[in-house]
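So the chains spell out like this:
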Amino acid sequence: MQSPKDYSIDHQPVSQLFSQPQSADEWEQYRLSDEQVTFFHENGYLSNVKLLEEWQVDQLNEELAAIAEPSHPGNALFYEFHSNESSDPDAVLFHSLGHWRITPGFHDILWNPAFVMAASQLLGNQSVRFWHDQLFCKPALHGGVVAWHQDYSYWTRTQPMQHLTCWTGLDDANIDNGCLYYVPGSHKWGLLDKPELAGDMEGLMDYLNEEQKAEFNPVPIEMKKGYGTFHHPLMVHGSYANTSERSRRAFVINVFADGTLSNTDDVLLEGVPVVHRGNKMEGQFFPLLYEAENSAS
């Protein structure tokens, strides 16, 4: 049997999912306003940014249905694959990393102009390099939680902390079906210990001081499918169970500013060659997605 193609060798779009801007003027349509950037830095997040048209969402959902099957021929290319990361069979959380290697659509969303332009601006107008992707899917009626956490608490194997997360819904997301919640301002709390991601929703509370507990006022991020929300690497966020009759599917793209280094001599992602401590994160598995005009890279 022929081995499936590994799209990580392609560092440019391979399909017609997006049209790439050919001039500075064409890029301008994707630029965030100064007010949006200011809101992000003050609150730690920026939500309801349109990233996909409905037909693009439909294509990605078709690809997701295929690769979610454990028998899919590209399954070996995942860094992680959990048909249910929760230990509770009645609280299902499908979670995977590495799908950008498997299908053209999930590969090409990394180069979505609306995404990379916003990411560069929110990183301080720096060049943007890919870290890794994720899928978080909660089925109807028994979808599990994603416990309160900070992304960077799982990422200290890379430094300095100049990371950014973008969560995009492939279904309409609201309170009923387990939308994302943020704790505004929590990105200023510093690095906290990390809980079990699909464990106790409130596990992070054991690591908060009384002042942080008093400021713990989560807000729901309800969005239509195709819209994305960006957050700071120290933003405390999570999502409750899906007990509705609708699914809640979403993909996540994690990036960092070009120039980020490995902080370990251990494996960074399963199946990816070691990037030794102090060496730049680059190469086949960490492609440059957007080069800022002021970049020296």
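The rules behind each value
- Residues numbered from 1 in each chain as written.
- Predicted model: local features only at pLDDT ≥ 70, side-chain atom pairs only at ≥ 80, totals over all residues.
- Heavy atoms only, no water.
- Helix = DSSP H or I, 4+ residues; strand = E, 2+ residues; numbered from the N terminus.
- Rg over C-alpha atoms; globule rule 2.2 N^0.38 Å.
- Contact = heavy atoms within 4.5 Å.
- Areas by Shrake-Rupley, 256 points an atom, 1.4 Å probe, with all protein chains shown as cover.
- Lys, Arg positive; Asp, Glu negative; His and termini not counted.
- Charge placed at Lys NZ, Arg CZ, Asp CG, Glu CD.
- Buried < 20%, exposed > 50% of the residue type's maximum accessible area, 1.4 Å probe, protein only.
- Polar contact = N/O pair within 3.5 Å; in protein donor to acceptor, adjacent residues only side chain to side chain.
- Pairing = 2+ DSSP bridges.
- Axes fitted to C-alpha atoms, helices over the stretch in contact; angles between N-to-C directions.
- 1 Å grid on protein atoms, 1.4 Å probe; cavity = no way out; pocket = protein on both sides within 12 Å on 5 of 7 lines; lining within 4 Å.
- Points joined across faces, edges and corners; volume = space filled by probe spheres on them.
- Nonpolar A, V, L, I, M, F, W, Y, C, P; charged D, E, K, R; others polar.
- Salt bridge = Lys/Arg side-chain N within 4 Å of Asp/Glu carboxyl O.
- Disulfide = S-S within 2.5 Å.
- Phe/Tyr/Trp six-rings, centres within 6.5 Å; stacked < 30°, edge-to-face > 60°.

> How should the overall build of the chain be read in this particular structure?
Helix and strand content of the chain: six helices and 14 strands. Taken against the 2.2 N^0.38 rule, which gives 19 Å for 297 residues, the C-alpha radius of gyration of the chain at 18 Å falls within 12% of a compact globule. Dimensions of the chain along its principal axes, counting C-alpha atoms only, are 50 × 45 × 40 Å. Considering only contacts within the chain whose residues lie at least 6 apart along the sequence, 81% involve residues at least 24 apart. A total accessible area of about 13000 Å² is found for the chain, and carbon and sulfur atoms account for 46% of it. Across the chain, the mean location of the 17 positive side-chain charges is 1 Å away from that of the 41 negative side-chain charges.

> What should I look at first to understand helix H5 (residues 113-122) in this one?
Since there are 3.6 residues in each turn of an α-helix, residues three or four apart along the chain are aligned in direction. Taken across its 10 residues, H5 has 10 buried, putting it largely inside the fold. All buried positions along H5 are accounted for by Pro113, Ala114, Phe115, Val116, Met117, Ala118, Ala119, Ser120, Gln121 and Leu122. Two to three positions downstream of the cap, the backbone nitrogen of alanine 114 sits 3.1 Å from a side-chain oxygen, assigning the N-cap of H5 to asparagine 112. Just beyond H5, the residue with positive phi is glycine 124, at close to 85 degrees.

> What exactly am I supposed to notice about the sheet that holds strand S9 (residues 219-221) here?
The strand order across the open sheet formed by four strands is S5-S11-S8-S9, and the pairing between neighbours is antiparallel. Across the chains shown, the open sheet's two edge strands, defined by having one partner strand only, are strand S5 (146-149) and S9. Each adjacent strand pair in this sheet contributes to an overall mean axis angle of 30 degrees, direction not counted. With three bridges connecting them, strand S8 (residues 180-182) and strand S11 (residues 237-239) associate as antiparallel partners. When the sheet's bridge partners are listed, leucine 180 is paired in S11 with serine 239.

> Just checking my understanding: could you explain empty space enclosed by the protein for this structure?
To find leftover empty space, one rolls a probe the size of a water molecule over the atoms. Scanning the entire structure with this criterion turns up one cavity of 30 Å³ or more. Roughly 40 Å³ of volume is contained in the largest cavity. As for the largest cavity, its lining consists of Leu51, Leu52, Ile109, Asn112, Phe115, Cys166, Thr168, Phe251 and Ile253. Contributions of two or more residues to the lining of the largest cavity are made by strand S7 (163-169) and strand S12 (248-257). Within the lining of the largest cavity, the residues separate by chemical class into seven nonpolar, two polar and no charged.

> Would you mind showing me how to read the pattern of salt bridges here?
As a working rule, side chains carrying opposite charge can pair if their charged atoms are close by. Summed over the entire model, instances satisfying the criterion amount to 11 salt bridges. With a shortest N-O distance of 3.3 Å, arginine 31 and glutamate 28 are connected by a salt bridge. Classification of arginine 31 by relative accessible area gives partly exposed; the value is 37%. Between lysine 224 and aspartate 172 there is a salt bridge, with its nearest N and O atoms 3.7 Å apart. You can see lysine 224 sitting in the loop between S9 and strand S10 (227-231) and its partner aspartate 172 sitting in the loop between S7 and S8, a full 52 residues away along the chain. The exposed category is assigned to lysine 224, whose relative accessible area is 55%. Judged by relative accessible area, aspartate 172 falls into the partly exposed class, the value being 29%. The network of salt bridges with shared partners includes Arg129, Asp258, Lys280 and Glu282.

> What is the right way to look at the state of the cysteines in this model?
The bond known as a disulfide is covalent and runs between the sulfur atoms of two cysteines. Overall, the coordinates contain zero disulfides when judged by the stated rule. Between cysteine 166, a free cysteine, and cysteine 137, which holds the nearest cysteine sulfur, the sulfur-to-sulfur gap is 15 Å. You can call cysteine 166 buried: its relative accessible area is 2%.

> How should the packing of aromatic side chains be read in this particular structure?
The description of an aromatic ring pair uses the distance of the two centres, along with the angle that the planes make with each other. Across all of its chains, the model carries 16 aromatic pairs by this definition. Between the aromatic rings of phenylalanine 39 and tyrosine 45, the centroid separation amounts to 5.3 Å while the plane-to-plane angle is 90 degrees, which identifies the pairing as edge-to-face. A centroid spacing of 5.9 Å and a plane angle of 90 degrees characterise the contact between tryptophan 148 and tyrosine 240, whose relative ring orientation is edge-to-face. Of the two residues, tryptophan 148 sits in strand S5 while tyrosine 240 sits in the loop between S11 and S12, which places them 92 residues apart along the sequence. Given a relative accessible area of 32%, tyrosine 240 falls into the partly exposed group.

> Would you mind going over the side chain of glutamine 56 with me for this structure?
Looking at where glutamine 56 falls in the secondary structure, it is placed in helix H3 (residues 54-67). A distance of 2.6 Å separates the side chain of glutamine 56 from the backbone oxygen of leucine 17, its partner in a polar contact. In this structure the side chain of glutamine 56 is engaged in a polar contact, spanning 2.7 Å, whose partner is the backbone nitrogen of glutamate 53. Residues contacting glutamine 56, with those up to four places away along its chain left out, are Leu17, Phe18 and Leu51.

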